[in-house]
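Here's the letter readout for the chains.
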Amino acid sequence: MDEETKLSRKTVLRAALAAGVAAPVALLGGPALARTAATSGQVPALTPSCHDDDDPTPEQIEGPYFKPNSPERTSLVTPGTQGTRLTLTGYVFGLACLPVDRALLDFWQADVNGAYDNTGYTFRGHQYTNAQGAFTLSTIVPGLYPGRTRHIHVKVQAPGRPILTTQLYFPNEPRNNTDSIFDARLLMTVRDNGSAKEAAFDFVLNVPQNPPTSTVTSTPPGGTTWAAGTGYAAGARVTYGGRDYVCLQGHTAQPGWEPPNVPALWRAA
């Protein structure tokens, strides 16, 4: 299986959180990667993957336009705001790929003309992640100003931990090649949604975490019927809905992770 068909544990966790189901415990604690079937067409996100050996999200300079005490809000736009609407979503993870609840995210950016509001708090605001580590920001695509490519500033802080100051970038921007501090590891994934745009980025903070442990047991070689609460080891065979499947990643089965629904964990035999 080539690199483009691998999914990181963080990617699987992100999908589980978005679907509102629990992630397999083995994916939270083990070093192995969850994988999809080669025919799934899924590829890893460009944002930092949360593996045991990966570094946290890179830091970047604060710049001259940060202001403390921004208002708490998830939307930086009003009905009369000019510019292309942008919705940025993502998650904040710690070093064990577990979501960080109540992480602070403080965003600031230029307006459509590339200017910062240094007297008020236009295009400035902070918010907190929910229990799943998720956040959503409604804003616009920032304008350009001399010497820089298009970007959004952010400070991210887990409760009681140091602050990560960094910047997020847009793919396929011509100035990415000439901006002296541009870092491709900080590229958001961006797509069009009608006249607006949607972006995604997941932060990995330097926050130690203790993932839950689980004892994974093998199932008999001949295969058994898939059942929630059962521990399956890689290579185990089960039947579900009259079809045979092979386990690709050791995990404890949970509702919502039936073989046809999770190609990262099961391959049709």
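For the structure, see preceding data.
My aim in this report is to walk through the structure given alongside it, one point at a time. (Residues numbered from 1 in each chain as written. Predicted model: local features only at pLDDT ≥ 70, side-chain atom pairs only at ≥ 80, totals over all residues. Heavy atoms only, no water.)

### A few points about the overall build of the protein chain
- Broken down by element type, the protein chain carries two helices and 17 strands.
- Counting only residues that meet the buried cut, the protein chain has 46% of its 269 residues in that class.
- Contacts in the protein chain between residues far apart in sequence, at least 24 positions, make up 66% of those at least 6 positions apart.
- Looking at the protein chain as shown, the accessible area adds up to about 12800 Å², and 51% of this sits on carbon and sulfur atoms. (Helix = DSSP H or I, 4+ residues; strand = E, 2+ residues; numbered from the N terminus. Buried < 20%, exposed > 50% of the residue type's maximum accessible area, 1.4 Å probe, protein only. Contact = heavy atoms within 4.5 Å. Areas by Shrake-Rupley, 256 points an atom, 1.4 Å probe, with all protein chains shown as cover.)

### Remarks on the nonpolar core
- Ranked by size, the top nonpolar core spans 29 residues in total, and within it L88, V92, L105, F107, V156, M188 and F203 carry the most contacts.
- Elements that contribute at least two residues to this core include exactly strand 3 (85-93), strand 4 (104-108), strand 6 (134-140), strand 7 (151-157) and strand 8 (163-169).
- Within the second largest apolar cluster, 12 residues are counted, among which are Y232, C247, V262 and L265. (Core = buried A, V, L, I, M, F, W, Y, C linked by side-chain atoms within 4.5 Å.)

### Describing the packing of aromatic side chains
- Scanning the model with the defined rule gives 11 aromatic pairs in all.
- Ring geometry for Y65 against Y145: centres 6.4 Å apart, planes inclined by 90°, an arrangement best described as edge-to-face. You can see Y65 sitting in the loop between strand 2 (34-35) and strand 3 and its partner Y145 sitting in the loop between strand 6 and strand 7, a full 80 residues away along the chain.
- On the basis of an interplanar angle of 75° and a centroid distance of 5.1 Å, the ring pair of Y169 and F182 is categorised as edge-to-face. Residue Y169 is located in strand 8, and its partner F182 is located in the loop between strand 8 and strand 9 (189-193); the two are separated by 13 residues in the primary sequence. (Phe/Tyr/Trp six-rings, centres within 6.5 Å; stacked < 30°, edge-to-face > 60°.)

### Concerning the sheet that holds strand 8
- Strand order in the open sheet made by the four strands is 5-4-7-8, with antiparallel pairing throughout. Two strands close off the open sheet at either side, each with one partner strand: strand 5 (124-128) and strand 8. Strand-to-strand twist across the sheet, computed as the mean angle between neighbouring axes with direction ignored, equals 20°.
- When strand 7 meets strand 8, the two strands line up antiparallel, connected through seven bridges. Residue pairing for strand 8: I152 is matched across the bridge by L168. (Pairing = 2+ DSSP bridges. Axes fitted to C-alpha atoms, helices over the stretch in contact; angles between N-to-C directions.)

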